[in-house]
Amino acid sequence: MELFDVYATYDIAPVSAKGYYLFDGEGKKYLDLYGGHAVISIGHAHPSYVKELKAQLDQLGFYSNSVISPLQQQLADTLETESGCTDYRLFLCNSGAEANENALKLASFYTGRSRIIAFKNGFHGRTSATVAATDNSAIQAPINKQHAVSILALNDLAALESTLEQGDVAAIILEMIQGVGGLDQPEPEFLASLYELAHQFGALVIADEVQSGFGRTGKYFAFQHYPHQPDIITMAKGMGNGFPVAGLLIHSKIEAKKGMLGTTFGGNPLACTAVLSVMEVLSTENLLENATKMEAYFLEKASALSLQVKGKGLMLGIDFGFPVKELRANLIYTHRIFTGSSKDPNVLRILPPLNIDEHALDQLFDALKKELS
Ligand SMILES: Cc1ncc(COP(=O)(O)O)c(C=O)c1O
C-alpha cells in the first residue's frame, strides 16, 4: 500500500537522533537546525526525558479523562507559574490544530458569534476552522469555506477596527511570530490596540503559540515579550519534545457547558510526563536563557555575512532576498545541515533544539559562507 501524499520530502531517512544530531541508516550525521518543525525543544533522546517516559509507561501508560489525574494538575500548576497566567484553566489535547480548533469553538460558544479574524500569512492548522483561518486557499476544501473568516493584513489597524465594528467577531487569532508564514511579527503598538479593540467590541484574543511556545523565543510564551495577556493561549510542538501533546490556557471568565470540549487521548499520563519532563529540563538547563544567548550569537554571525534575520530567540529566519530552495537542498545534501523553509520562498527557517551551542551555529555559517561565495 502506498502512503498518502502529504509534503515534499528530502531523501534522508533518520533512524536515530541524539541532542541536536540526526543519524541515518548508513551512519551519516546531520545537524538538526529544524527540530522536526520546532518540536524538539530539549534535544533528541534527552536522558531524563527518556527515563521518565519509560518509567511512566511501566507504571500507568493510559487512562481516560473519566478519572482524576494528579499529573494533569501538576502540569496546570507548573504552567501557571511559568506563563504568569494566574486566572486561567488548562485543557489538554493532542495537536496544534486541535488546540486552535477548540479555542475557536470555545470563543464562538462564549461570545455567541461566529466570525474569526486572522492575518495574512498566518498558519493555524489543517482542521475545519483552523484551515479556514489559515491564509492558504490551496489547502482548503469547499467545506472549510463555510466559516466566516476575515483575513486582514498584519498591522492594519483601520481594517481591524472596521471588521470588529460589525459586531459579529468571536475571536482574533494570531501568532506573536508567524512561523510558517516567514517570521513576521505584529508591531507592539498594533498589538496593544488589538487587545484594546477586541475587548471594546467583545471579541476574544487567541494567541497561537503552537510554534512559538515553550521557550523557543527566549520566554516561556512569545506573548510574554509584550504587556498584555491573551484570553486563550494555544500550545503544542515543543511542549512534548516529540510526544504528541497540545493544550489551551483559557481565561476563567470563559465558561462552557461540560462536554463542549473533550478528548480521549488528551492529557494522558505519558503526555503529561513528557511535558513535565520538558519543563524540568528547560528550567534546570537554563534553555530559555540559552535561546536568547544563541540568538545574539546568530545575529553576530549573520551580520558578518550581511544577512537579514527575522524572528526571536531560536525561532529565526534568514531572508536571503532570493529563493532558498536550492540553498536548503545544498545545506542538507552537501553540508548535512537540516533547516526549514517557509511560505516566503526567500526565507530559510532555523528552529533548532534549544540546547544548541556556538559550535553548531558555526557549522551553519561556515556552510553558508561556502554556498554564498
Ligand atoms: C502556528 C501554528 N499553529 C498551528 C499549527 C498546527 O499544528 P499541528 O501540525 O500540530 O496540528 C502549526 C503547525 O505548523 C503552527 O505552526
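Thresholds, definitions, all that
Per-chain numbering applies: the sequence of each chain, read as written, is numbered from 1 onward. pLDDT decides what is reported in this predicted model: residues at 70 or higher carry local features, side-chain atom pairs at 80 or more are listed and counted, and totals for whole chains, interfaces and linings draw on all residues regardless. Helix and strand labels come from DSSP, where a helix needs a run of H or I of at least four residues and a strand needs a run of E of at least two; each type is numbered from the N terminus. Here the globule rule is a power law, 2.2 Å times the number of residues to the power 0.38, and the radius of gyration is based on C-alpha atoms. Buried, partly exposed and exposed are defined by the number of other C-beta atoms within 10 Å of a residue's own C-beta, namely 20 or more, between the two limits, and 12 or fewer respectively, with C-beta atoms placed from the backbone. Each residue is represented by a C-beta atom placed from its backbone, and any two residues with such atoms within 7 Å are regarded as in contact. Domains are outlined according to an automatic or database domain assignment. Gly falls in the polar group here, along with every residue not listed as nonpolar (Ala, Val, Leu, Ile, Met, Phe, Trp, Tyr, Cys, Pro) or charged (Asp, Glu, Lys, Arg). Strand pairing requires that DSSP identify at least two bridges connecting the strands. Fitted lines through C-alpha atoms give the axes, limited to the stretch in contact for helices. The angle between two N-to-C directions lies from 0 to 180 degrees. Multiplying 1.5 Å by the residue count of a helix minus one yields the expected span of that helix. Starting at the helix axis, one direction is taken to each C-beta atom, and the arc is that of these directions. We count a residue as near a molecule or strand when its backbone-placed C-beta atom lies within 6 Å of that partner. Here the word oblique covers every angle except those under 35 degrees (roughly parallel), over 145 (roughly antiparallel) and from 65 to 115 (roughly perpendicular). Crossing handedness is read from the near helix: turned anticlockwise from the far helix by less than a right angle, it gives a left-handed crossing, and turned clockwise, a right-handed one.

Q: Just to check I follow, could you spell out the overall build of the protein for this structure?
A: A count of helical and extended segments in the protein gives 11 helices and 14 strands. For 373 residues, the compact-globule formula gives about 21 Å, and the C-alpha radius of gyration of the protein, at 20 Å, lands near that figure. Over its C-alpha atoms, taken along the principal directions, the protein stretches across nearly 55 × 55 × 45 Å. Sorting the 373 residues of the protein into buried and exposed places 47% on the buried side. Restricting to contacts in the protein with at least 6 residues of sequence separation, those with at least 24 account for 74%.

Q: Would you take a moment to explain the domain arrangement of the protein for this structure?
A: Many authors give the size of an interface as the accessible area that is lost as the parts come together. By domain assignment, the protein separates into domain 1 (48-284) and domain 2 (286-349 + 366-373). At the interface, 19 residues of domain 1 touch 17 residues of domain 2. Across the side of domain 1 that touches domain 2, the residue classes tally to 7 nonpolar, 9 polar and 3 charged.

Q: Is there a simple way to explain the environment of Ile-177 in this structure?
A: By the element assignment, Ile-177 lies in the loop between strand E7 (169-174) and helix H7 (188-200). Sequence separation of Ile-177 and Ser-212 is 35 residues, and the distance between their C-alpha atoms is 6.9 Å. Those residues in contact with Ile-177, other than ones at most four positions away along the chain, are Leu-183, Gln-185, Ser-212, Thr-217, Ala-222, Gly-311, Lys-312 and Met-315.

Q: What is the right way to read the sheet that holds strand E3 (residues 29-32) from this model?
A: By definition, the strands of a sheet pair up through backbone hydrogen bonds, in either a parallel or an antiparallel sense. An order of E1-E2-E3-E13 is seen for the 4 strands of this open sheet, with the pairing classed as mixed. One side of each edge strand has no neighbouring strand; the edge strands of this open sheet are strand E1 (14-18) and strand E13 (337-338). Relative to strand E2 (residues 21-24), E1 runs antiparallel, the two sharing 4 bridges. Bridge pairing links Ala-17 to Leu-22 in E2.

Q: Teacher, can you tell me more about the sheet that holds strand E9 (residues 232-235) here?
A: Strand order in the open sheet formed by 7 strands is E4-E10-E9-E8-E7-E5-E6, and the pairing between neighbours is mixed. Since the sheet does not close on itself, it has two edges, and those belong to strand E4 (88-93) and strand E6 (149-152), each with one partner. Averaged over all neighbouring strand pairs, the angle between strand axes comes to 20°, with direction disregarded. With 4 bridges joining them, strand E5 (residues 115-119) and E6 adopt parallel strand pairing. Counted as the bridge partner of Ile-116 is Val-149 from E6. Contacts from helix H6 (residues 157-165) reach E5, E6 and E7, with the element oriented near 165° to E6.

Q: Quick question: what am I supposed to make of H7 here?
A: An α-helical turn contains 3.6 residues, so any two residues separated by three or four positions project in the same direction. Over its 13 residues, H7 extends 18 Å from the first C-alpha to the last, a length consistent with the 18 Å expected when each residue adds 1.5 Å. Along H7, the residues that are buried comprise Leu-191, Leu-194 and Ala-198. Taken end-on, H7 shows its buried residues confined to a sector of 55°, consistent with a single buried face. Exposed residues on H7 whose side chains face more than 90 degrees from its buried face are Glu-189, Glu-196 and Gln-200. Where the residues of H7 are buried, they touch H6, E7 and strand E8 (204-209). Where H7 terminates, the next one or two residues include Gly-202, which has phi positive at roughly 75°.

Q: Looking at this model, I keep getting lost on the site of the ligand. Mind explaining?
A: Taken together, 15 residues are adjacent to the ligand, and Ser-95, Gly-96, Ala-97, Val-210 and Gln-211 come closest. At 3 residues, the largest contribution of residues to the shell around the ligand is made by helix H4 (residues 96-111). In terms of residue class, the shell around the ligand is built from 5 nonpolar, 8 polar and 2 charged.

Q: So what exactly am I meant to see when it comes to the environment of Leu-152 here?
A: With respect to the helices, strands and loops of the structure, Leu-152 is situated in strand E6. Classification of Leu-152 as buried rests on a count of 20 C-beta atoms within 10 Å. The sequence separation of Leu-152 and Gly-96 amounts to 56 residues, and the corresponding C-alpha distance is 22 Å.

Q: Teacher, can you tell me more about the packing of helix H9 (residues 287-304) against helix H11 (residues 358-372) here?
A: Two numbers describe a pair of packed helices, the interaxial angle and the distance between the axes. Remark: H9 packs on H11, axes separated minimally by 10 Å, with the N-to-C direction vectors making an angle of 25°. One element, H9, and the other, H11, form an angle in the roughly parallel class. Handedness of the H9/H11 crossing: right-handed. Contacts between H9 and H11 involve Met-294, Tyr-297, Phe-298 and Lys-301 from the former and Glu-358, Leu-361 and Phe-365 from the latter. Grouping the amino acids of the contact of H9 with H11 by side-chain chemistry returns 5 nonpolar, no polar and 2 charged.

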